[in-house]
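The chain contents come next:
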Amino acid sequence: MSAVDVPPGLALGELAAGEFAALPRARRLALRGFYYVAMAGAATLAIATRRLHAPMIELLFVAPIVCFSVACVGYAVRRARLRIDRDGVRWGWRIAGVRMHRDRIREVRVYTDAVALRPRRGSTWYLSRRDWDSFDQIARALDAASIPFAKFARRAPLGAKLQGYGLVLDALLLADMLAATLALLVAILL
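What you are looking at is a predicted structure, and each value in this text was computed from that prediction instead of being measured. The numbers attached to residues start from 1 for each chain and follow its sequence in the written order. Given that the model is predicted, a residue must reach a pLDDT of at least 70 before its local features are reported, and side-chain atom pairs must reach 80 or more before they are shown or counted; all residues, however, enter totals for whole chains, interfaces and linings. Where side-chain values are given, they derive from all heavy atoms of the structure, hydrogens and water being excluded.

## Details of the sheet that holds strand β5 (residues 105-110)
- Reading across from one edge, β7-β6-β5-β8 is the order of the four strands in this open sheet, with mixed pairing throughout. The strands lining the two open edges of the sheet, one partner per strand, are β7 (125-128) and β8 (150-151).
- By the bridge criterion, five bridges tie β5 to strand β6 (residues 114-119) in an arrangement that is antiparallel. The residue bridging I105 from the neighbouring strand is P119, located in β6. Two strands pair under a simple rule: DSSP has to find at least two bridges between them. Note on conventions: DSSP H or I runs of at least 4 residues are helices, E runs of at least 2 residues are strands, and numbering of each starts at the N terminus.

Have a look at this one:
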């Protein structure tokens, strides 16, 4: 048995000033939606394979695949984490993600219900209170990572709220479960 002593920070990546996950209820919705759509889709496909000569049966083969794809994306997005360190802000998973490097950030605005990361070029990232657990800790993590920001004691502008993906993603997952249910009902009633 051997041990290797590595000085702090060397080859181990930057220590995070803060790491944030989606809200627990949003993660639960995505997980339950994933399982529900998978089961409803499998049942739909099983029924559809027994009725190959029914009119428009091909829709019953495509609908579960589309619904499952949407559920996979929703689940993956809710499993992504937000990480703030001295190098900048990263959104994603351990194996893949996108980063707004520190030198690319033009300004950071912290509102009571959102954080706006404005790059020198490209689109602004909006981090909404509705999307992230421990949202109040984001400003502390930015400060700990020495990323300068301006704090505003008001709510974010409407444009920022519209770019927060939480409500849209939750509605999309609910619509996806409804579509999977409808496809299953059509398969049963054929």
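## Some thoughts on the environment of R81
- Inspection of the secondary structure puts R81 in strand β2 (residues 81-85).
- Residue R81 is classed as partly exposed on the basis of its relative accessible area of 36%.
- Considered as a pair, R81 and L60 are 21 residues apart in the sequence and their alpha carbons are 35 Å apart.
- Among the polar contacts listed, one links the side chain of R81 to the side chain of E19, at a separation of 2.8 Å. Note on classification: 1.4 Å probe, protein chains only; a residue is buried when its accessible area is under 20% of the maximum for its type, exposed when over 50%, partly exposed between these limits. As used in this structure description, the phrase polar contact means that two N or O atoms lie within 3.5 Å; if the pair is within protein, one of them must be able to donate a hydrogen and the other to accept it, and residues adjacent in sequence are counted only when both atoms belong to side chains.

## Describing the confidence of the model for the chain
- pLDDT: the predictor's confidence for each residue, scored from 0 to 100. Overall, the prediction assigns the chain a mean pLDDT of 87, with 93% of residues at 70 or greater.
- Here helix α4 (residues 158-163) stands out as the least confident element of the chain, with mean pLDDT 74; helix α1 (residues 24-49) is the most confident, with 96.
- Only heavy atoms matter for contacts: two residues are in contact if any of them lie within 4.5 Å across the pair. Within the model, the stretch residues 1-12 combines pLDDT values under 50 with one contact to residues more than four positions away or in other chains.

## Concerning the packing of α1 against helix α2 (residues 58-79)
- Structural elements are reduced to axes, namely lines fitted to C-alpha atoms, with helices fitted over the stretch in contact, and the angle between N-to-C directions of any two is expressed from 0 to 180 degrees. At a closest axis distance of 9 Å, the pairing of α1 and α2 adopts a crossing angle of 165°. In terms of orientation, α1 lies roughly antiparallel with respect to α2. The two elements α1 and α2 meet at a crossing, and its hand is left-handed.
- In terms of residue class, the contact of α1 with α2 is made up of 16 nonpolar, five polar and two charged. These descriptions rest on fixed angle ranges, namely under 35 degrees for roughly parallel, over 145 for roughly antiparallel, 65 to 115 for roughly perpendicular, and the rest for oblique. In this scheme the crossing of two helices becomes right-handed for a clockwise turn of the near helix relative to the far one and left-handed for an anticlockwise turn of less than a right angle. Lys, Arg, Asp and Glu make up the charged group, whereas Ala, Val, Leu, Ile, Met, Phe, Trp, Tyr, Cys and Pro make up the nonpolar group; the residues left over, Gly among them, are polar.

## Some words on the pairing of β6
- Most of β6 sits inside the fold, with five of its six residues counted as buried.
- In this antiparallel pair of consecutive strands, β5 and β6, the connection spans three residues.
- One ladder, built from four bridges, connects β6 with β7; its direction is antiparallel. Directly across from L117, in β7, lies its bridge partner W125.
- A loop of five residues connects β6 with β7, the two strands running antiparallel in sequence, and G122 in this loop sits at a positive phi of about 105°.

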